[in-house]
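Chain by chain, the residues run as shown.
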Amino acid sequence: QVQLVESGGGLVQAGDSLRLSCAASSRTFRTMGWFRQAPGKEREFVAAISWGVLNPYYADSVKGRFTISRDNAKNTLYLQTNSLKPEDTAVYYCGVLAGGLYYDAKSYGSWGQGTQVTVSS
């Protein structure tokens, strides 16, 4: 099973940007996604992208502000987060789609340990 390690989180002010990275231990040809989880809330879908980098998918709450990308040569997934808002505060996880719906966390078979993003107002 592929191992995933997220990085790039931090404490920023509203309106700032962060670039999150997710390094995979081996190449995967599967769709990968970013989810986030705030305290007391369920893990929610943020964005997903296929191996062929076709048709990225975004949650409505981040559309136009976040951009998902992947470098298959480096086995790395990215999430560029711009115009951050306090409501974006959460632990961000990357995952590999095992099967099923790309926006359903239950469809993912591998997860990283997460990286904390905190946005102050």
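Conventions and cut-offs
- Residues numbered from 1 in each chain as written.
- Predicted model: local features only at pLDDT ≥ 70, side-chain atom pairs only at ≥ 80, totals over all residues.
- Heavy atoms only, no water.
- Helix = DSSP H or I, 4+ residues; strand = E, 2+ residues; numbered from the N terminus.
- Rg over C-alpha atoms; globule rule 2.2 N^0.38 Å.
- Buried < 20%, exposed > 50% of the residue type's maximum accessible area, 1.4 Å probe, protein only.
- Contact = heavy atoms within 4.5 Å.
- Areas by Shrake-Rupley, 256 points an atom, 1.4 Å probe, with all protein chains shown as cover.
- Lys, Arg positive; Asp, Glu negative; His and termini not counted.
- Charge placed at Lys NZ, Arg CZ, Asp CG, Glu CD.
- Pairing = 2+ DSSP bridges.
- Phe/Tyr/Trp six-rings, centres within 6.5 Å; stacked < 30°, edge-to-face > 60°.
- Lys NZ or Arg CZ within 6 Å of the ring centre and 35° of its normal.

Asks: I'm lost on the overall build of the protein in this one. Help?
Replies: Scanning the protein from N- to C-terminus turns up zero helices and 11 strands. Walking the protein from its N terminus toward its C terminus, one meets helices and strands in the order β-β-β-β-β-β-β-β-β-β-β. Its C-alpha atoms give the protein a radius of gyration of 13 Å, within 12% of the compact-globule value 14 Å for 121 residues. C-alpha extents for the protein along the principal axes are approximately 40 × 30 × 25 Å. The proportion of buried residues among the 121 residues of the protein is 42%. For the protein, restricting intrachain contacts to residue pairs at least 6 apart in sequence, the fraction spanning at least 24 positions comes to 55%. A total accessible area of about 6,300 Å² is found for the protein, and carbon and sulfur atoms account for 49% of it. Once the 12 positive and 9 negative side-chain charges of the protein are each reduced to a mean point, those two points are 6 Å apart.

Asks: In this structure, what is going on with the pairing of strand β11 (residues 115-120)? I would like to understand it.
Replies: On a regular strand, each side chain points to the face opposite its neighbour's, so the side chains alternate between the two faces of the sheet. Judged by which residues are buried, β11 turns out to be one-sided: Thr115, Val117 and Val119 face inward and are buried, whereas Gln116, Thr118 and Ser120, on the alternate face, are not. Inspection of the sheet shows strand β2 (residues 10-13) paired to β11 by four bridges, in the parallel sense. Each bridged residue has a counterpart across the sheet, and for glycine 10 the counterpart in β11 is valine 117.

Asks: Help me out: how do you make sense of unusual backbone geometry in this one?
Replies: Note: most peptide bonds trans; most residues except glycine with negative phi. The backbone of asparagine 75 shows a phi angle near 55°, a positive value even though the residue is not glycine. As for its position among the elements, asparagine 75 is in the loop between β7 (66-71) and β8 (76-81). In this structure, serine 83 is a non-glycine residue whose phi angle is positive, near 50°.

Asks: Whenever I open this one, the packing of aromatic side chains confuses me. Can you help?
Replies: Tallying each qualifying case throughout the model produces nine aromatic pairs. Geometrically, the ring pair formed by phenylalanine 35 and tryptophan 111 is edge-to-face, given 5.2 Å between the ring centres and 85° between the ring planes. Of this pair, phenylalanine 35 sits in strand β4 (residues 32-37) while tryptophan 111 sits in strand β10 (residues 108-111); the two residues are 76 residues apart in sequence, bridging distant segments of the chain. On the basis of relative accessibility, which here comes to 0%, the residue phenylalanine 35 falls in the buried class. A centroid spacing of 5.2 Å and a plane angle of 85° characterise the contact between tyrosine 102 and tyrosine 103, whose relative ring orientation is edge-to-face. Here arginine 19 stacks its cationic end above the ring of tyrosine 78, 4.0 Å away from the centre of that ring. Stacked on the ring of tyrosine 93, the Lys or Arg arginine 43 has its end atom at 3.7 Å from the ring centre.

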